[in-house]
Amino acid sequence: MEKEEVLALVLEAVEEWNQQADEEQRLEVSPETRLLGRNSKLDSLGLVNLIVLVEEKLADRYDVHLTLADERAMSQERSPFRSVQSLAEYAHLLLTEKK
Amino acid sequence: MSATTVMLISGTRKGIGRSLAETYAGRGWQVIGCSRKPSDFDHPNYRHFCLDVNDEPAVQAMLTEIRKTHGRLDALINNAGIAALNHALLTPVETARRVFETNVIGTFLLCREAARLMQKRKFGRIVNFSSVAVPLDLEGEAVYAASKAAVETLTRILARELAPLGVTVNAIGPTAVRTDLVRAVPQEKLEALLARQAIPRFGEAADILNVIDFFLRPESGLITGQVIYLGGV
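Residues numbered from 1 in each chain as written. Chains lettered and ligands numbered in written order. Predicted model: local features only at pLDDT ≥ 70, side-chain atom pairs only at ≥ 80, totals over all residues. Heavy atoms only, no water.

S.K.: I tried to follow the interface of chain B and chain A on my own but got confused; where do I start?
M.R.: Where the parts come together, the accessible area they lose is often given as the size of the interface. Between chain B and chain A, the residue contacts involve 11 residues of the former and 10 residues of the latter. Surface buried jointly by chain B and chain A totals about 980 Å² across both partners, of which 38% is contributed by carbon and sulfur atoms. Broken down residue by residue, the surface that chain B buries against chain A is led by Arg67(B), Arg116(B) and Lys120(B), which jointly contribute 46%. Summed over the shared surface of chain B and chain A, the result is five salt bridges. Where Arg116(B) meets Glu55(A), a salt bridge forms, and the shortest distance between an N and an O atom there is 2.6 Å. Linking chain B with chain A are five residue pairs in polar contact (both at pLDDT 80 or more), by the criterion used here. In terms of residue count, helix α2 (residues 56-70) of chain B provides more of the side of chain B that touches chain A than any other element does, five residues in total. When grouped by side-chain class, the residues that make up the side of chain B that touches chain A number three nonpolar, three polar and five charged. (Contact = heavy atoms within 4.5 Å. Buried area = accessible area lost by both parts, 1.4 Å probe. Salt bridge = Lys/Arg side-chain N within 4 Å of Asp/Glu carboxyl O. Polar contact = N/O pair within 3.5 Å; in protein donor to acceptor, adjacent residues only side chain to side chain. Helix = DSSP H or I, 4+ residues; strand = E, 2+ residues; numbered from the N terminus. Nonpolar A, V, L, I, M, F, W, Y, C, P; charged D, E, K, R; others polar.)

Below is the structure:
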């Protein structure tokens, strides 16, 4: 699968998140949108919810259950959850390894 | 999304799980059951999955199927469990591992996957199974009771983590019920256990059902992180 395809899935997850989130936690549907840190609109539970949505979309599309918040993700100096783009890249990496 | 309320019960092939599946399917719930072996329970509101509750891919596949078919999950009853009754000095480590894999890992996995689906509608009820073996510190049940103590801690912490998602997590601690789980326990041990209860009788499926009904009620939205023991333990 292409990186762009995974990014599109993550953006779909962001759109879905926006439908259920309170107004102050709704995100811009863009690869640059920050998910972590001071510039992020998400609180910690919001991030958990978004990751669950992304995992669900990946499972439906590729028939594979990924755990995005794995030990490697947690131990990286630069978190793969810092932005929509980096989250999509990390998901793509895990998918490539699993396939 | 299905308009019918959907319940997942683990360990439905026999015993308490089977009885719960029959009751809730009869009451109009859509019941999904699972166990390692096939079930002969046949009901239009019942569907069975053959899996081990500690098998992550199998549990994930089952929950994906529930999501795609019903789009919702209202209740999870974590009934599946195995016992190991033996003096600690004679308990094989493989037995200890098996008990923890089913009772703790299995409960955790089902809670995790169920809550993912429940949170979509900001509503869910999870009922876990502890045992009076925990507060009574029953001799001969070190591994079993330790696994159920772990289930109680899971219950209390998940209650906090899942509260913002609209999901309550409680546990029932049944006393001995005459099922396969206690078949191998010597009669004098069972009598000694009953003697420590305020109400010294065996539990029945109806006693367990009553507590689960209480946790499931819409009015029980403020009840979470609790363990209710039977028998006045």
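S.K.: Got a minute to help me understand helix α1 (residues 3-20) of chain A in this structure?
M.R.: Every α-helical turn comprises 3.6 residues, leaving residues that sit three or four positions apart pointing alike. Residues and elements named next belong to chain A. For α1, spanning 18 residues, the distance from its first C-alpha to its last is 26 Å, which sits close to the expected 26 Å at 1.5 Å a residue. The complete set of buried residues in α1 reads Val6, Leu7, Leu9, Val10, Leu11, Ala13, Val14, Trp17 and Asn18. Buried positions along α1 lie against α2 (44-62) and α4 (84-98). (Expected span 1.5 Å × (residues − 1). Buried < 20%, exposed > 50% of the residue type's maximum accessible area, 1.4 Å probe, protein only.)

S.K.: Please explain the nonpolar core as it appears in this structure.
M.R.: The tendency in soluble globular proteins is for nonpolar side chains to be buried side by side. With 31 residues, the main nonpolar core has Leu35(A), Leu50(A), Leu58(A) and Leu68(A) as its most contacted residues. For this core, the secondary structure elements donating two or more residues are α1, α2 and α4 of chain A. Counting residues per element, this core draws most heavily on α1(A), at eight residues. Those residues within four positions of Leu58(A) in sequence are excluded, and the remaining contacts are Val6(A), Leu9(A), Asp63(A), Val64(A), Leu66(A), Leu68(A), Ala91(A) and Leu95(A). Counting 30 residues, the second-largest nonpolar core is a separate cluster that includes Met62(B), Leu76(B), Met118(B) and Val169(B). (Core = buried A, V, L, I, M, F, W, Y, C linked by side-chain atoms within 4.5 Å.)

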